[in-house]
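Take a look at the letters that make up each chain.
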Amino acid sequence: MIHDKELAKEIIALMERCSREVDQSIRLVQEKCAPEEFKAYRRGAGMVMGYIYTDVLAPLWKEHPALERARPAPLGFRPRKAETRDWDRSPMSAAP
């Protein structure tokens, strides 16, 4: 994806910050909006966070494993085997 390690490191930091901002926006909407608005927003925001992870972060970590910090797998993710981490498969890159 991005071959330059320093650039990848910078992008990872930006995407992690972006994910935190989206997460904060979900909390804000939950506090200030009706439940049906919150559910719709959370669904869309969750998709944004998912694509950041699967389409940007996971490919960068795959190319630059030293940049991946120890972190838990995405919420709800259960690897097939203890040593298998296949969350780098993106729904956007899957063949139709």
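Here, the structure is the one placed above.
Our subject in this report is the structure included herewith. (Residues numbered from 1 in each chain as written. Predicted model: local features only at pLDDT ≥ 70, side-chain atom pairs only at ≥ 80, totals over all residues. Heavy atoms only, no water.)

## What about the side chain of S25?
And step 1. The residue S25 is located in helix α1 (residues 5–32) in this model.
And step 2. A polar contact is formed between the side chain of S25 and the backbone oxygen of V22, at a distance of 2.6 Å. (Helix = DSSP H or I, 4+ residues; strand = E, 2+ residues; numbered from the N terminus. Polar contact = N/O pair within 3.5 Å; in protein donor to acceptor, adjacent residues only side chain to side chain.)

## Re the environment of R20
And step 1. Considering the arrangement of structural elements, one finds R20 in helix α1.
And step 2. For R20, a relative accessible area of 49% translates into the label partly exposed.
And step 3. For the pair R20 and M49, spaced 29 residues apart in sequence, the C-alpha to C-alpha distance is 9.0 Å. (Buried < 20%, exposed > 50% of the residue type's maximum accessible area, 1.4 Å probe, protein only.)

## Let's talk about the packing of α1 against helix α2 (residues 35–63)
And step 1. Relative to each other, α1 and α2 sit at 170°, their axes nearing to 10 Å. Here α2 runs roughly antiparallel to α1, going by the angle between their axes.
And step 2. Its residues placed into classes, the contact of α1 with α2 shows 18 nonpolar, three polar and four charged. (Axes fitted to C-alpha atoms, helices over the stretch in contact; angles between N-to-C directions. Parallel < 35°, antiparallel > 145°, perpendicular 65-115°, else oblique. Nonpolar A, V, L, I, M, F, W, Y, C, P; charged D, E, K, R; others polar.)

## Some points on the pattern of salt bridges
And step 1. Under the criterion given, the structure shown has one salt bridge.
And step 2. Between R27 and D23 there is a salt bridge, with its nearest N and O atoms 2.7 Å apart. You can see R27 and its partner D23 sitting in helix α1, four residues apart, about one turn around the helix.
And step 3. Classification of R27 by relative accessible area gives partly exposed; the value is 46%. (Salt bridge = Lys/Arg side-chain N within 4 Å of Asp/Glu carboxyl O.)

## Considering the nonpolar core
And step 1. Formed by A8, I12, I52, Y53, L57, L60, W61 and L67, the largest nonpolar core amounts to eight residues.
And step 2. Every element with two or more residues in this core is listed here: α1 and α2.
And step 3. Counting residues per element, this core draws most heavily on α2, at five residues.
And step 4. Once residues within four sequence positions are removed from consideration, I52 is found in contact with M15, C18, S19 and L57.
And step 5. Of all hydrophobic cores here, the second largest spans five residues; its members include V22, I26, V29 and F38. (Core = buried A, V, L, I, M, F, W, Y, C linked by side-chain atoms within 4.5 Å. Contact = heavy atoms within 4.5 Å.)

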